[in-house]
Amino acid sequence: MGRFSIFGLFRGKSAKEKRAEESRRRAQEEDLEIYSGMQVEVASDDGRIFLTATLLELRGDRAQLQSQSEGDLLAGTEEPIPVTLRGYSSIEGKAVILEGTIRPGVNGLWQVEHIVLVKRGNDRAFFRVDTSIDAGVTPMGSFSSKEEPCKVLNISVGGACVGSKLRHNVGDKFILSVKLLPELEPSMMFCQVLRILERKVDYFEYGCQFLRLSSSDEDQILQIIFDIQRKRR
């Protein structure tokens, strides 16, 4: 017994143990706890989205996932699976990519382990989804309050591309009314034209930035983007 214990003192750490220690060290250095509560999409190594979820109780390099999807492709899974978690941090105003492994937990939750930060950037367009949704815009600061028909061609957490037959200028502000999903009530968002992307005869495409969004508004838009992506797969 004694000899076995002495030998154990000199036994090198396995690769798995080394990876676990490294992930814990990196998690402590990067202070990942600020991402607790973030909406994320969970994807496999080949890019397949398993589920959309909320990242909960993030402590060190471990957390829980509460699924926001009606169903997911991980049902019946027992072994830990390497995944990529993509989200948008309203606190930092940045897109975030994490990696880790997940396995089934209790009460419908998933356990996430060995979480490491892969990328953090200012690109709000990171979560951008192409659409073709009928909408309306009401110009602000003009004598006319009539809603103009338009199309939302794509949307991200930070803004949208809007197609319209009417001419607007860079800097113009308006209220965008759009029903992003059939089951939802129309959303009303303040926007400002940042650039004119395309000009044709009687047709324009505008790159617009959302204004006055709260963190809960950003989370809701991100969840809608996830839902649109999920329904297309």
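Residues numbered from 1 in each chain as written. Predicted model: local features only at pLDDT ≥ 70, side-chain atom pairs only at ≥ 80, totals over all residues. Heavy atoms only, no water.

(A) Looking closely at the overall build of the chain. Secondary structure assignment for the chain yields three helices and twelve strands. Out of the 233 residues belonging to the chain, those deemed buried represent 45%. Across the chain, every contact between residues at least 6 apart in sequence was considered, and the portion connecting residues at least 24 apart equals 54%. (Helix = DSSP H or I, 4+ residues; strand = E, 2+ residues; numbered from the N terminus. Buried < 20%, exposed > 50% of the residue type's maximum accessible area, 1.4 Å probe, protein only. Contact = heavy atoms within 4.5 Å.)

(B) Up close: the packing of aromatic side chains. Enumeration according to the criterion identifies one aromatic pair in this entry. Ring geometry for F204 against Y206: centres 6.0 Å apart, planes inclined by 25 degrees, an arrangement best described as stacked. Residue classification places Y206 among the buried residues on the basis of a relative accessible area of 1%. The cationic tip of R212 hangs over the ring face of F190; the distance from NZ or CZ to the ring centre is 4.3 Å. (Phe/Tyr/Trp six-rings, centres within 6.5 Å; stacked < 30°, edge-to-face > 60°. Lys NZ or Arg CZ within 6 Å of the ring centre and 35° of its normal.)

(C) How the structure looks around the nonpolar core. Of all hydrophobic cores here, the largest spans 26 residues; its most connected members are V152, I155, F174, L176, V178, C208 and F210. Of all the secondary-structure elements, those providing two or more residues to this core are β7 (128–139), β8 (148–156), β9 (159–164), β10 (173–178), β11 (187–200), β12 (203–211) and α3 (215–231). For C208, the contacting residues outside a window of four places in its chain are G158, G159, A160, V162, F174, C191, Q192, V193 and L194. L32, M38, V96 and L117 belong to the second-largest nonpolar core, a separate cluster that totals 22 residues. (Core = buried A, V, L, I, M, F, W, Y, C linked by side-chain atoms within 4.5 Å.)

(D) Local environment of the sheet that holds strand β4 (residues 81–89). As summarised here, the arrangement of the six strands in space is β1-β2-β3-β6-β5-β4, forming a closed barrel in which the pairing is antiparallel. In this sheet, adjacent strand axes meet at a mean angle of 45 degrees when their direction is disregarded. (Pairing = 2+ DSSP bridges. Axes fitted to C-alpha atoms, helices over the stretch in contact; angles between N-to-C directions.)

(E) Up close: the sheet that holds β11. Pairing in this closed barrel of six strands is antiparallel, and the strands run β7-β8-β9-β12-β11-β10 around the ring. Between one strand axis and the next, the sheet turns through 45 degrees on average, direction left out of account. The sheet contact formed by β9 and β12 spans six bridges and is antiparallel. Along β12, the bridge assignment pairs V162 with Y206.

(F) Main features of the environment of L184. The topology assignment puts L184 in the loop between β10 and β11. Remark: the alpha-carbon pair of L184 and I224, spanning 40 residues in sequence, is separated by 9.7 Å.

(G) Local environment of unusual backbone geometry. Positioned with a positive phi, E57 is a non-glycine residue whose angle comes to about 50 degrees. As for its position among the elements, E57 is in strand β2 (residues 49–59). Taking the relative accessible area as the measure of exposure, E57 reaches 53% and is therefore exposed. For R212, which is not glycine, the phi dihedral falls at a positive 60 degrees.

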